[in-house]
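Topology and contacts: notes
Residue strings, one per chain:
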Amino acid sequence: MIRATYEIEPPEAAETLAVRASIGMESGPAWARGRVVGLTGGRAALEFPDSLWGANVSLIMATLVAGEGSEIGAVTRCRLVDLALPDGLLPGPAFGPAAQPVPVGVGVIVKPSMGLSPVEVGEVARAAVAGGAVFVKDDEILGDPTWCPLNERVRRVAKALEPGVVYAANVTGPSTGLIDRARRAVDLGATGVMVDAFAQGLDSVVALREAGLGVPILAHRGGSGALTRNPRFGAAGSVLARLCRLCGADYWIVGAFGGALFETDDEVRASLIALRDALGAGSTAIRSAIA
């Protein structure tokens with residue numbers, strides 16, 4: 001069973017949402033119908049048979065996160081704040097805290113989108129590592145441009161790395177070549193890969209996880225703002241962060257303290273809490289830590 005909790009207005013819309021997100025019409029089969037199992041204080045808890053979508057995270061997104069709740073005309077608020085999935089439905093991260101402690105130290109984003117060549121990117125990475133950087137990543141808007149091709153960029157950065165430094169190469173791009181790009185990047189020396197999870201689709205994180213690349217996956221949050229920034233619709237950022245982690249992400253960008261981005265400090269803390277929870281058996285609840 002999948003359980004989703006929404007902040008919803010008007011409250012009676014919860015019943016409509018349960019039907020529309022599952023069987024579509026009241027005349028549909030009872031075994032596939034979503035049901036309202038709790039309604040209090042402006043929050044509605046809905047349960048759906050997990051056989052509706054299985055491990056198809058794209059459909060979970062299309063129905064429970066960015067589906068009918070944001071489109072029904074009578075609904076003026078429908079924000080997902082809690083999501084509980086069956087244990088083992090999604091693969092989870094390959095590199096948990098027990099397997100690979102998360103480095104504590106300086107992280108650097110190299111901005112070759114400004115026109116840096118692969119040689120220049122490699123030199124920036126070398127200087128960053130010499131200065132103590134333990135994590136280096138491509139910019140999320142950098143793919144495989146002619147002035148800084150992915151293959152050559154990875155080769156140059158790989159030469160600048162020291163043991164224990166993670167370099168997450170951005171493999172976001174056409175979905176048909178995603179796994180090939182990731183494997184090529186790893187073969188060329190990348191010690192991590194990055195994908196723009198919500199622009200590429202959450203299924204990309206699952207695919208990278210199941211490819212068994214042997215390196216950690218950074219799921220960049222690019223594209224998630226459209227789902228989290230409106231306080232009346234979409235989903236709490238911490239819910240999406242945890243969902244990404246369950247899909248297989250080892251790293252996630254939680255935002256920024258001090259108002260540089262749109263989240264409040266409390267919302268950033270909520271994402272940190274959601275990501276730090278264990279992901280073992282019985283821990284697949286995905287919740288917002290914001291009341």
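Presented here is an overview of the structure given in this document. Just so it is clear, the model here is predicted, and its values are computed rather than measured.

Attention shifts here to empty space enclosed by the protein. All chains considered together, the criterion is met by one cavity of 30 Å³ or more. Along the walls of the largest cavity sit Tyr6, Leu17, Thr63, Leu64, Val65, Gly67, Glu68, Gly69, Ser70, Cys78 and Gly234, which together make up its complete lining. No other element matches the three residues that helix H2 (residues 57–65) contributes to the lining of the largest cavity. Per-class residue counts for the lining of the largest cavity are five nonpolar, five polar and one charged.

Look at helix H5 (residues 178–187) against helix H7 (residues 203–210): their axes get within 10 Å of each other, and the N-to-C directions meet at 50°. Overall, the two elements H5 and H7 adopt an arrangement that is oblique. Viewed along their axes, H5 and H7 form a crossing whose handedness is right-handed. Of the residues in H7, those in contact with Leu178, Ile179 and Ala182 of H5 are Ser204, Ala207 and Leu208. Residue composition of the contact of H5 with H7, by class: five nonpolar, one polar and no charged.

This part covers the side chain of Asp196. Its location among the elements puts Asp196 in strand S8 (residues 192–196). One buried charged residue, Asp196, forms no salt bridge at all, with the nearest opposite charge on Lys137 at 7.1 Å. When near neighbours in sequence (up to four residues on either side) are disregarded, Asp196 contacts Glu140, Asn170, Thr172, Gly201, His220 and Gly222.

Another point: the pairing of strand S9 (residues 217–220). Taking every second residue as pointing to the same face, both faces of S9 are buried, with Ile217 and Ala219 on one and Leu218 and His220 on the other. Relative to S9, S8 runs parallel, the two being bridged by four bridges. Paired with Val195 across the two strands is Ala219, which belongs to S9. Relative to strand S11 (residues 251–252), S9 runs parallel, the two being bridged by two bridges. Bridged to Leu218 within S11 is Tyr251.

Conventions used here
- Residues numbered from 1 in each chain as written.
- Predicted model: local features only at pLDDT ≥ 70, side-chain atom pairs only at ≥ 80, totals over all residues.
- Heavy atoms only, no water.
- 1 Å grid on protein atoms, 1.4 Å probe; cavity = no way out; pocket = protein on both sides within 12 Å on 5 of 7 lines; lining within 4 Å.
- Points joined across faces, edges and corners; volume = space filled by probe spheres on them.
- Helix = DSSP H or I, 4+ residues; strand = E, 2+ residues; numbered from the N terminus.
- Nonpolar A, V, L, I, M, F, W, Y, C, P; charged D, E, K, R; others polar.
- Axes fitted to C-alpha atoms, helices over the stretch in contact; angles between N-to-C directions.
- Parallel < 35°, antiparallel > 145°, perpendicular 65-115°, else oblique.
- Left-handed = near helix turned anticlockwise from the far one by under 90°.
- Contact = heavy atoms within 4.5 Å.
- Buried < 20%, exposed > 50% of the residue type's maximum accessible area, 1.4 Å probe, protein only.
- Lys, Arg positive; Asp, Glu negative; His and termini not counted.
- Salt bridge = Lys/Arg side-chain N within 4 Å of Asp/Glu carboxyl O.
- Pairing = 2+ DSSP bridges.

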